[in-house]
Amino acid sequence: MAEQIEEKIEEKLEEKGMECCHCHQKATPRSEKEKKQLQNRLSRMAGQLNGISRMLEENRYCGDILTQVAAVESALQAFGYAILKEHMETCVVEEIRKGNTAIVEEAVDLVKKLK
């Protein structure tokens, strides 16, 4: 049943001159070291956000809070670029090798989202 649904979706996409990108159904293999590094970065950002919350509770100076907001934004942006780089080097390269050039459009859309 699932195969029939997938075939129908692919047929509809082909009718519209589009290809189906299955990248969203895949998992990106990451080593335990890579996962730990990414989790550590997220934990630091969560700590920074909690710090901002405490600063608000303490009625700290707006400039100090904004400095911390900028730090979190910068850290999140760097995290996003690290994930994007990994995606380009793994998922995108793999799909292009398979002949799926539609992945390029998806990658461009992802870059736009990170702007």
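Calculation criteria
Residues numbered from 1 in each chain as written. Predicted model: local features only at pLDDT ≥ 70, side-chain atom pairs only at ≥ 80, totals over all residues. Heavy atoms only, no water. Helix = DSSP H or I, 4+ residues; strand = E, 2+ residues; numbered from the N terminus. Contact = heavy atoms within 4.5 Å. Areas by Shrake-Rupley, 256 points an atom, 1.4 Å probe, with all protein chains shown as cover. Axes fitted to C-alpha atoms, helices over the stretch in contact; angles between N-to-C directions. Parallel < 35°, antiparallel > 145°, perpendicular 65-115°, else oblique. Left-handed = near helix turned anticlockwise from the far one by under 90°. Nonpolar A, V, L, I, M, F, W, Y, C, P; charged D, E, K, R; others polar. pLDDT = per-residue confidence, 0-100. Expected span 1.5 Å × (residues − 1). Bend = angle between axes of the 7 residues up to and from the residue. Buried < 20%, exposed > 50% of the residue type's maximum accessible area, 1.4 Å probe, protein only. Salt bridge = Lys/Arg side-chain N within 4 Å of Asp/Glu carboxyl O. Patch = residues over 30% accessible without salt bridge, like charges linked within 9 Å, V, L, I, M, F, W, Y side chains within 5 Å.

A word on the overall build of the chain. Secondary structure summary: the chain contains four helices and zero strands in total. By sequence separation, contacts in the chain at least 24 residues apart represent 62% of the contacts at least 6 residues apart. Of the roughly 9000 Å² of accessible surface on the chain, a fraction of 55% belongs to carbon and sulfur atoms.

Moving on, we get to the packing of helix α2 (residues 32–57) against helix α3 (residues 62–97). Taken N-terminus to C-terminus, the directions of α2 and α3 make an angle of 160°; their axes are 10 Å apart at the nearest point. Taken together, the axes of α2 and α3 lie roughly antiparallel to each other. The handedness of the crossing between α2 and α3 is left-handed. Of the residues that constitute the contact of α2 with α3, the class distribution is 17 nonpolar, two polar and four charged.

To continue, consider the confidence of the model for the chain. Overall, the prediction assigns the chain a mean pLDDT of 84, with 77% of residues at 70 or greater. The spread of mean pLDDT over the elements of the chain runs between helix α1 (residues 2–15), the lowest at 50, and α2, the highest at 96. A low-confidence stretch, residues 16–23 stays under pLDDT 50, and its non-local contacts, those more than four residues away or across chains, total 17 contacts.

For α3, spanning 36 residues, the distance from its first C-alpha to its last is 51 Å, which sits close to the expected 52 Å at 1.5 Å a residue. The axis of α3 is deflected most strongly, by about 35°, at His87. Where α3 is concerned, the buried positions are Ile65, Val72, Phe79, Gly80, Leu84, Glu86, His87, Cys91, Val92 and Glu95. Close packing links the buried residues of α3 with α2 and α4 (102–114).

For the rest of this paragraph, the subject is the pattern of salt bridges. Summed over the entire model, instances satisfying the criterion amount to six salt bridges. Here Lys98 makes a salt bridge to Glu94, at a shortest N to O gap of 3.1 Å. Accessibility expressed as a relative area gives 36% for Glu94, which makes it partly exposed. Given a relative accessible area of 54%, Lys98 falls into the exposed group. Here the salt bridges do not stand alone but share partners, grouping Glu94, Glu95 and Lys98 into one network.

Side chains of Ile96, Val104 and Val108 sit close together on the surface and give an oily, nonpolar patch of about 220 Å² of accessible area. The residue Val104 is located in helix α4 in this model.

The next point concerns the packing of α3 against α4. Between α3 and α4, whose axes approach to 10 Å, the crossing angle comes to 175°. Classified by the angle their axes make, α3 and α4 are roughly antiparallel. Residue-level inspection shows Gln77, Gly80, Tyr81, Leu84, His87, Met88, Val92, Glu95 and Ile96 of α3 in contact with α4, the latter providing Ile103, Val104, Glu106, Ala107, Leu110, Val111 and Leu114. For the contact of α3 with α4, a count of residues per class yields eleven nonpolar, three polar and two charged.

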